[in-house]
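Read off the chains here:
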Amino acid sequence: MIEILKNELIEYGKLAGVKNFTPGFSGNLSARYGENIVITATGSANGYLDSNDFALIDFSGNVVDGIKKPSSEKMLHVKFYEERPDINYIFHVHSPYLTAFSAAGVALDKNILAEIVYCFGHIPLAEYALPGSQDLVNNTSKYFKDYDVVLMANHGVIVGGKDVKETYLKLELCEAYAQSVICSNLLGGAKILSEDEVEKIYSLRQK
């Protein structure tokens, strides 16, 4: 079972690498494994993973298995899983367009595209804290109960999903959305959906 999880993360890590969602050695990936977590090791490149680039940790962050040191941001993953029993996979990456918003300190909180409103509502921005720090966990985790995708100021983005494909596709969709918003700003700015239209979109969730 654990090898299946590793292979999934390797496969979708490579795909994220091909799409330039996870450049260089940045970011980290994980999967829930019962009472433990499979997470990429410190210094690994998400687009070039192999089966040795993982550690198995418990929910206290202790290494259960593996010879490599787990990502320094392991407790961020732990907290996401603790807050959301429905989340089984997490991608933390520095994809260029979403990271542009995080670097600018701008949340994606405008009602612009119907699909994004339907799927995510908004994409909030967590206050900056040092990568790998407890402050980063505290600042970011306040959004985990209500959001699957969270920007981290001057850092990147974290995405959670029920399976690895869903997690990747959320990232792909949100990265494309960030690109669209940037392009629309070059054209004079996106047109904001009315509150009435937003309510109609939300009502579709009940059908």
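Anyway, here's the lowdown on the structure attached to this text. Nothing here was measured: the structure is a model prediction, and the numbers come from that model.

Some thoughts on the pattern of salt bridges
One side chain can pair with another of opposite charge once the charged atoms of both are near each other.
Here's step 1: According to the stated counting rule, one finds 13 salt bridges in the structure shown.
Here's step 2: One salt bridge in this structure joins Lys-145 and Glu-83, with 3.9 Å as the shortest N-O distance. Residue Lys-145 is found in the loop between α5 (134-141) and β7 (149-152), and its partner Glu-83 is found in helix α2 (residues 74-83); the two are separated by 62 residues along the sequence.
Here's step 3: Classification of Glu-83 as partly exposed rests on a relative accessible area of 22%.
Here's step 4: A salt bridge links Asp-196 to Lys-200, with the nearest nitrogen and oxygen atoms 3.6 Å apart. Taken together, the residues Asp-196 and Lys-200, both in helix α7 (residues 195-204) and four residues apart, mark about one turn of the helix.
Here's step 5: What makes Lys-200 partly exposed here is its relative accessible area of 45%.
Here's step 6: Through salt bridges with shared partners, a single network forms among Arg-84, Asp-86, Asp-148, Lys-162, Glu-166 and Lys-170.

What to know about the packing of aromatic side chains
Here's step 1: In the structure shown here, the tally under the stated rule is five aromatic pairs.
Here's step 2: For the pair Phe-80 and Phe-144, a centre-to-centre distance of 3.9 Å together with 0 degrees between the ring planes defines the contact as stacked. With Phe-80 in helix α2 and Phe-144 in the loop between α5 and β7, this residue pair connects regions lying 64 residues apart in the sequence.
Here's step 3: Cluster of aromatic residues (ring-pair linked, three or more members): Tyr-12, Phe-21 and Tyr-168.

Some points on the sheet that holds strand β2 (residues 36-40)
Each strand in a sheet pairs with its neighbour through backbone hydrogen bonds, running either in the same direction (parallel) or in the opposite one (antiparallel).
Here's step 1: If you walk across this open sheet you meet the eight strands as β4-β3-β2-β1-β5-β8-β7-β6, and the pairing is mixed. The sheet terminates laterally at β4 (63-65) and β6 (125-126), the two strands that pair on one side only.
Here's step 2: Judged from the four bridges that link them, β7 and strand β8 (residues 156-161) form a sheet pairing that is antiparallel. In the strand pairing of β8, Leu-151 is matched with Val-157.

Details of the side chain of Thr-99
Here's step 1: By the element assignment, Thr-99 lies in helix α3 (residues 96-104).
Here's step 2: Here Thr-99 is in contact with His-94, His-155 and Gly-156, once residues within four sequence places are set aside.

Comments concerning the pairing of strand β5 (residues 89-93)
Here's step 1: With five of its five residues buried, β5 lies for the most part within the structure.
Here's step 2: By the alternation rule, side chains of β5 split into Tyr-89, Phe-91 and Val-93 and Ile-90 and His-92, which are all buried.
Here's step 3: One ladder, built from four bridges, connects strand β1 (residues 28-33) with β5; its direction is antiparallel. Residue pairing across strands places Asn-28 opposite His-92, the latter belonging to β5.
Here's step 4: As paired strands, β5 and β8 are joined by five bridges and run antiparallel to one another. Paired with Val-93 across the strands is Val-157, a residue of β8.

So, the side chain of Thr-40
Here's step 1: By secondary structure assignment, the location of Thr-40 is in strand β2.
Here's step 2: Beyond its immediate sequence surroundings of up to four residues, Thr-40 is in contact with Asn-28, Leu-29, Asn-46, Leu-49, Asp-53, Phe-54, Pro-70 and Ser-71.

As for unusual backbone geometry
Here's step 1: At Asn-20, a residue that is not glycine, the phi angle is positive and equals roughly 65 degrees.
Here's step 2: Tracing the chain through its elements places Asn-20 in the loop between α1 (2-18) and β1.
Here's step 3: The partly exposed category is assigned to Asn-20, whose relative accessible area is 40%.
Here's step 4: Phi at Asn-154 takes a positive value of approximately 55 degrees, unusual for a residue other than glycine.
Here's step 5: Within the fold, Asn-154 resides in the loop between β7 and β8.

Quick notes on the rules
Residues numbered from 1 in each chain as written. Predicted model: local features only at pLDDT ≥ 70, side-chain atom pairs only at ≥ 80, totals over all residues. Heavy atoms only, no water. Salt bridge = Lys/Arg side-chain N within 4 Å of Asp/Glu carboxyl O. Helix = DSSP H or I, 4+ residues; strand = E, 2+ residues; numbered from the N terminus. Buried < 20%, exposed > 50% of the residue type's maximum accessible area, 1.4 Å probe, protein only. Phe/Tyr/Trp six-rings, centres within 6.5 Å; stacked < 30°, edge-to-face > 60°. Pairing = 2+ DSSP bridges. Contact = heavy atoms within 4.5 Å.

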